[in-house]
Amino acid sequence: MQARRWRLGGLLLAATLLLAGCEFAGPQSALDPQGPVAQAQKDIFLWTFWLSWPVMIGVFGTLIFAIVRFRAKNASDAKAIPTQTHGNTTLEITMTVVATVIVVLVAVPTVRTIFATEQRVDVTALEPGDVLVKATGYQWWFKFEYPELGITTANELIIPAGRRVVVELDSADVLHSFWVPNLAGKRDMIPNNRNQVWFVADQPGTYYGQCAELCLGAHAYMRFRVIAEDDAGFDAWVAAFQGAADQVVQADPLVQRGQQLVAQKGCIGCHTIDGYYANVPVGNPDFPNLTNFGLRTTVGAAVLDNTPENLAAWLRDPQAVKPTNRMPTLWVVDDPNADEEIDAIVAYLLSLGVPDAASAALAQGGLHGGQ
Amino acid sequence: MAVSKVTVAAPAGSGVFTRPNWDAGWLSWLTTVDHKRLGLLYIFTSFLFMSAASIEAFLIRLQLAVPNNTVLNPDAYNQMFTMHGVTMVFLAIMPLGIGFANYFVPLQIGARDLAFPRLNAFGYWIYAVGGLFVYSSFFLGGAPDAGWFAYSPLTSLSNNPGNGTDFYMIGLFVGGIGTLVTAMNLIVTIISMRAPGMTMMRVPVFTWMMLVTAFMIIFAFPPLTIALFQVIMDRTFGTLFYVPQAGAMPILWQHLFWIFGHPEVYIIVLPAFGVISEVIPTFSRKPLFGYPVIILSGIFIGFMGFAVWSHHMFTTGLGPVVNTAFALTSFVIGIPTGIKIFNWVGTIWGGKVVFTTSMLYAISFLITFTIGGITGIMLAVPPFDAQAQDSYFVVAHFHYVMGGGALMAFFAGVYYWFPKMSGKMMDERIGKLGFWFLVPGLHLIFFPQHIAGLMGMPRRTQTYVAGIGLELPNLLSTAGTFVMMIGLILLAVNLVHGLLRGKPAGNDPWDGRTLEWATTSPPPHHDFDRQPVVNDRDAHWVQKYPESVHGHRVPESASEPYDANGIHMPGQSWYPFIMGIAFLPFSYGLLYHNFWVLGLSILIFFVGTFGWAFEGVGGHHLPAGGHAHPKGARS
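Chemist: Just checking my understanding: could you explain the sheet that holds strand β8 (residues 195-200) of chain A for this structure?
Modeler: Hydrogen bonding along the main chain pairs the strands of a sheet, whether they run parallel or antiparallel. Residue and element names in this part refer to chain A. Reading across the sheet, the five strands line up as β3-β2-β1-β5-β8 and stay open at both edges, with mixed pairing between neighbours. Each edge of the open sheet is held by one strand with a lone partner, namely β3 (151-154) and β8. Each strand of the sheet is rotated relative to its neighbour by a mean of 25 degrees, with strand direction disregarded. Taken together, the five bridges between strand β1 (residues 131-138) and strand β2 (residues 141-146) define a ladder with antiparallel strand orientation. Across the sheet, residue Thr136 finds its bridge partner in β2, namely Lys143. Relative to β3, helix α4 (residues 231-242) is tilted by about 100 degrees, and along the sheet it contacts β1, β2 and β3.

Chemist: Quick question: what am I supposed to make of the pattern of salt bridges here?
Modeler: Oppositely charged side chains are able to pair whenever their charged atoms sit close together. Residues and elements named next belong to chain A. Going through the model one piece at a time under the given rule, you end up with 19 salt bridges over all chains. A salt bridge links Arg257 to Glu341, with the nearest nitrogen and oxygen atoms 3.9 Å apart. With Arg257 in helix α5 (residues 253-264) and Glu341 in helix α8 (residues 338-351), this residue pair connects regions lying 84 residues apart in the sequence. Overall, Arg257 belongs to the partly exposed group, its relative accessible area being 27%. Salt bridges linked by common partners bring Arg257, Lys265, Glu340 and Glu341 together as one network.

Chemist: Would you take a moment to explain the pairing of β8(A) for this structure?
Modeler: Look at any regular strand and the pattern is simple: side chains alternate between the two faces of the sheet. All names here are of chain A. Burial of β8 is extensive: six of the six residues sit out of reach of the surface. Burial along β8 is two-sided: Asn195, Val197 and Phe199 facing one way and Gln196, Trp198 and Val200 facing the other are all buried. Of the strand pairs in this sheet, strand β5 (residues 164-171) and β8 are connected by six bridges, and their pairing is antiparallel. If you follow Val167 over to β8, its bridge partner there is Val197.

Chemist: Would you mind showing me how to read the side chain of A:Ser29 here?
Modeler: Residue and element names in this part refer to chain A. Its location among the elements puts Ser29 in the loop between α1 (2-20) and α2 (36-69). Residue classification places Ser29 among the buried residues on the basis of a relative accessible area of 0%. Among the polar contacts listed, one links the side chain of Ser29 to the backbone nitrogen of Leu31, at a separation of 3.1 Å.

Chemist: Teacher, can you tell me more about the interface of chain B and chain A here?
Modeler: Often, the extent of an interface is quoted as the loss of accessible area upon association of its parts. Tallying the contact residues gives 92 residues for chain B and 87 residues for chain A. Summed over both partners, the interface of chain B with chain A comes to about 7,500 Å²; 70% of that surface belongs to carbon and sulfur atoms. It is B:Lys352, B:Pro383 and B:Gln387 that lose the most area in chain B upon contact with chain A, and together they represent 9% of the buried surface on that side. At the junction of chain B and chain A, the tally comes to one salt bridge. Salt-bridge contacts for B:Lys352 lead to A:Asp77; the nearest nitrogen and oxygen are separated by 3.1 Å. Where chain B touches chain A, the interface holds 25 residue pairs in polar contact (both at pLDDT 80 or more). Listed by contribution, the elements that provide at least two residues to the side of chain B that touches chain A are α3 (74-108), α7 (251-284), α8 (291-304), α9 (320-348), α10 (357-379), α11 (382-388) and α13 (428-454) of chain B. In the side of chain B that touches chain A, the residues fall into 55 nonpolar, 27 polar and ten charged.

Chemist: Could you clarify how one ought to interpret the nonpolar core in this entry?
Modeler: Nonpolar side chains in soluble globular proteins tend to be buried together. A:Phe178, A:Phe199, B:Phe90, B:Phe100, B:Trp253, B:Trp344 and B:Phe384 are the most contacted members of the largest nonpolar core, which totals 298 residues. With sequence-adjacent residues up to four places away left out, B:Phe90 is seen in contact with B:Pro95, B:Tyr127, B:Trp148, B:Leu172, B:Leu224 and B:Phe260.

Chemist: Mind showing me how you'd approach the confidence of the model for chain B here?
Modeler: Detailed reading of the predicted coordinates is not advisable wherever pLDDT falls low. All names here are of chain B. Here chain B shows a mean pLDDT of 91. Residues at 70 or above account for 96%. This stretch, residues 1-10, has a pLDDT under 50; its non-local contacts, to residues over four places away or in other chains, come to 20 contacts. Here residues 626-635 scores under 50 on pLDDT; set against residues more than four positions off or in separate chains, the count is 26 contacts.

Chemist: Where do I start with the pairing of strand β7 (residues 184-189) of chain A in this structure?
Modeler: All names here are of chain A. The element β7 is extensively covered by neighbouring structure, given that six of its six residues are classed as buried. For strand β6 (residues 176-180) and β7, the ladder comprises four bridges, and the chain directions are antiparallel. Looking across to β7, one finds that Phe178 is bridged to Arg187.

Chemist: Just checking my understanding: could you explain a nonpolar patch on the surface for this structure?
Modeler: Residue and element names in this part refer to chain A. Together, Trp47, Ile93, Val97, Val101 and Leu105 give the surface a local cluster of nonpolar side chains, amounting to about 440 Å² of exposed area. Ranked by the residues each element gives to the nonpolar patch, the list is headed by helix α3 (residues 89-117), at four residues. Looking at the secondary structure, you find Leu105 in helix α3.

Chemist: Help me understand α8(A), please; the structure alone is not making it clear to me.
Modeler: All names here are of chain A. End to end, α8 covers 20 Å across 14 residues, agreeing with the expected 20 Å (1.5 Å per residue, within 8%). The buried fraction of α8 amounts to eleven of the 14 residues, a majority that puts the element mostly inside the structure. Every buried residue of α8 is listed here: Ala338, Glu341, Ile342, Ala344, Ile345, Val346, Ala347, Tyr348, Leu349, Leu350 and Ser351. Phi for Gly353, located one or two positions after α8, is positive at around 85 degrees.

Chemist: What is the right way to look at unusual backbone geometry in this model?
Modeler: Among all residues save glycine, negative phi is the norm, and among peptide bonds the norm is trans. Note the cis peptide between A:Gln139 and A:Trp140, where omega equals 10 degrees. Of note, the bond from B:Ser152 into B:Pro153 is cis; its omega dihedral lies within 30 degrees of zero at 0 degrees. Positionally, B:Pro153 belongs in the loop between α4 (117-136) and α5 (164-192). One non-glycine residue, B:Asn68, adopts positive backbone phi at about 55 degrees. You can see B:Asn68 is positioned in the loop between α2 (35-63) and α3. In the Ramachandran plot, B:Arg460 falls in the positive-phi region, its phi being about 65 degrees despite a non-glycine side chain. Summarising the element assignment, B:Arg460 is placed in the loop between α13 and α14 (471-501).

Chemist: Looking at this structure, I do not really get the packing of α2(B) against α14(B). What am I missing?
Modeler: Two measures define how a pair of helices packs: the angle their axes make with one another and the distance between the axes. All names here are of chain B. Where α2 meets α14, the closest approach of the two axes is 10 Å, and the angle between their N-to-C directions is 160 degrees. In terms of their interaxial angle, α2 and α14 are classed as roughly antiparallel. In this structure, α2 crosses over α14, and the sense of that crossing is left-handed. Contacts between α2 and α14 involve Phe47, Ser54, Phe58, Arg61 and Leu62 on the former and, on the latter, Asn474, Ser477, Thr478, Thr481, Phe482, Met485, Leu488 and Leu495.

Chemist: For this particular structure, what's the right way to read the sheet that holds strand β9 (residues 205-210) of chain A?
Modeler: All names here are of chain A. Pairing is mixed across the open sheet formed by three strands, whose spatial order is β4-β10-β9. Taken across any chain shown, the strands that pair with only one partner, and hence form the sheet edges, are β4 (156-160) and β9. This sheet shows a mean twist of 20 degrees between the axes of neighbouring strands, independent of strand direction. The pairing of β9 with strand β10 (residues 223-229) spans six bridges and is classified as antiparallel. In the sheet register, Gln210 faces β10, and the bridge partner there is Arg223. Running over the sheet, α4 touches β4 and β10 and is turned about 130 degrees from β4.

Chemist: Could you clarify how one ought to interpret the domain arrangement of chain A in this entry?
Modeler: Residues and elements named next belong to chain A. When its domains are assigned, chain A resolves into domain 1 (33-117), domain 2 (123-242) and domain 3 (247-362). Of the residues lining the interface, nine residues belong to domain 1; the matching set on domain 2 comes to twelve residues. When the buried surface of domain 1 facing domain 2 is broken down by residue, Gln34, Pro36 and Val37 rank first, second and third, together holding 60% of it. Linking domain 1 to domain 2 there are four residue pairs in polar contact (both at pLDDT 80 or more). Per-element tally for the side of domain 1 that touches domain 2: the top contributor is α2, with four residues. Its residues placed into classes, the side of domain 1 that touches domain 2 shows five nonpolar, four polar and no charged.

Rules behind the numbers
Residues numbered from 1 in each chain as written. Chains lettered and ligands numbered in written order. Predicted model: local features only at pLDDT ≥ 70, side-chain atom pairs only at ≥ 80, totals over all residues. Heavy atoms only, no water. Pairing = 2+ DSSP bridges. Helix = DSSP H or I, 4+ residues; strand = E, 2+ residues; numbered from the N terminus. Axes fitted to C-alpha atoms, helices over the stretch in contact; angles between N-to-C directions. Contact = heavy atoms within 4.5 Å. Salt bridge = Lys/Arg side-chain N within 4 Å of Asp/Glu carboxyl O. Buried < 20%, exposed > 50% of the residue type's maximum accessible area, 1.4 Å probe, protein only. Polar contact = N/O pair within 3.5 Å; in protein donor to acceptor, adjacent residues only side chain to side chain. Buried area = accessible area lost by both parts, 1.4 Å probe. Nonpolar A, V, L, I, M, F, W, Y, C, P; charged D, E, K, R; others polar. Core = buried A, V, L, I, M, F, W, Y, C linked by side-chain atoms within 4.5 Å. pLDDT = per-residue confidence, 0-100. Patch = residues over 30% accessible without salt bridge, like charges linked within 9 Å, V, L, I, M, F, W, Y side chains within 5 Å. Areas by Shrake-Rupley, 256 points an atom, 1.4 Å probe, with all protein chains shown as cover. Expected span 1.5 Å × (residues − 1). Parallel < 35°, antiparallel > 145°, perpendicular 65-115°, else oblique. Left-handed = near helix turned anticlockwise from the far one by under 90°. Domains from an automatic or database assignment.

As structure tokens, then:
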């Protein structure tokens, strides 16, 4: 019996270490909360987890004891007839009460946590410091708009750390789901069904998000990043976007050639680029907005890091990187000009939002490359 | 020796086909109305579909063994997991329960057949036709790919122009008819055909659970049928039930689907509870602990099963009040389930536990299902569900409940009832060897998936990000597939081995408690030579050990002869088969918008209905109170 207790204690200890240790930390882990919402969700999980141990020890302990203690020892024992008891009312009522108590122990903190994390925020009466974002799911990318700041971007949600972010959720086609495990549990994006999620990132950092509702095709590659900046970093980012329409194409001839190609190849038929022509809007709002693309850390809805090589690979054959996505392949396999043209477009795209060519190279990977 | 057929002039029928009386040959399987043969057909067909679903699962796990694998492209992957889910839920596990019910409900209540034998055959043929139809999609442009719950608007014509979705919608629509008629048949049978003396509180638990299940089917399938009908209308005739651009609210589908879908979970699990409630008492040699509580818990689960559907929708933004309400109902449904587990352990306590393969599966069910129940309570906590919903944590949870729970219980049932169905024993050594591959393999597959889900892996993605901690759980999971596969192969080997080489079973190899063990193995066509009369719960046990239960002698029951003129056996019939098969052209006609074929199938159906109605009784009589055993039976 003593050894048994030690073994159980050891198991509990091992489980504690496993959960407490950094084993389960990660940029997309619900067990590595980086804000109060995800923390509350993890806390309630841990509460049910610890409650499950006495239940499991009770049930499995009794079961294992019973099958060992009451096993038929030999062939004739297997023919013996034990006392044919039909039940025990007191015991059954006791167990019902025990089960009910356990359920109540789960239910009370559950209801508290629901109202602490799932209350809808009235977006017409936001508190000072709140950031409002409208997120729209598309097959297979996310559009992020900041209605109060006049910014539209895609697949990377830049937020200020320590401030509440309220995200209004919508879908342009099928169901999607907005999930950043480190910051908050998921909330579905459903057509004609206004939805909302809110969260706070305690610290600056990069958190992975992913669509969690089947949307066919490239569903597995429908990812995004939430990048929390300190207030100064966030303000700089906002300023870069609000000034994007006025930015001047860099003097580098490669960049200049890239800008022409973006028109010739038809990119601007879909992709909006603020500042592509001064005061002439291009693109279509239902496709990823490439304004200040040089500040992005990823390509193709967070599928690849935004490096010149990856961007070139993506432009050369988008289907190889992200099967079934809707980006057309613009160069046939043996197109002799492909490499030169792609280099130019890459140079142009990476220059967007970046002050000059010299620092463009440094800032590849964006403002946030260091994180 | 065989009972000689005494053909009594049956009332002449007016059908095109006379009712056949053959009892051998492959044609007899098409026209049979015998509940035992139909039960075997259900079980055999569900095993076929289960094999297909296992292959699909195997491919899914191969694809996920390492990140960025290329075994399956996204489209193929979507078809695989959709068909795996559709098959397991609708074509494998649920029909397996119905197959056991077909075979054993009449035997357990001392009846000679289900109330409506031809309707029973009709239900089977529709199930077979629906399953074949859905599977034909693989050869006709691609299988369904929108997941087993086919969320709108992913199923709308503009978002999913291929035929796969039509196969899903029409296949389930047609298959649902078969399930419904079978449920009605079971209800009538259990209510009105119990042996003399078998009051409701003496009915064996498996039969009780099938009664609750049948009622759940009756109430659960209509919402699904409505939803399927809406989508079929959308896709066939251009209605706008689920077209968001026209202002539709696609979330309606989720409500309609889950108000079917959650009861469906219990439609699968309650028969499994029933099997466990037969196996554990038999191999503990003790009555079920707390029989009335088990029954009432089952009924309570049946009711509450309809009050928890929105816990599948906690992340759809129903608001904190609705989420609280459904969280609480979901917690409440955990209580009767917990009580059942307690009662099964209580049954073992103080008994004489005989470790047959069947009992091993039953014990593994208790452990696995308890873990699945605990993660179920966790998932009923909406704030945690926000993280776990649509992640691998959910995948792990429902495979613990459906695979490690329901399926393991049915495997216990296979080992338990195989001797009764075949008259032969399965090999215990192969059985136990298979068990020790199958169940540990199952845990190796699904336990790491809890962790993968918590680490941020969504379900239904054909690949995952490398470097965020998902590689190890996925690799373990895939390794588990190989281990479990060995167990499944050993199970199949054991089934074949048992059929070909099995030792004779005798009537009552396990010293059973319920009436099916009172007749021969396999039972004669008419089930019982004489009408059993019941005077206690565990009717067969008290006949064998009359003093063991109440401390005093239970009077021996006097079984009665059925009829002074002999037992009338109804003739077989072509019409259930014809009318069932008519749904095949019906389905293809609807799918390909060929309204000539559609009209023809409806014509066949109606002509069949008239033939069915007017074909007469047919059949033959067996001698009254026959003491002789039919061919092949051993006692």
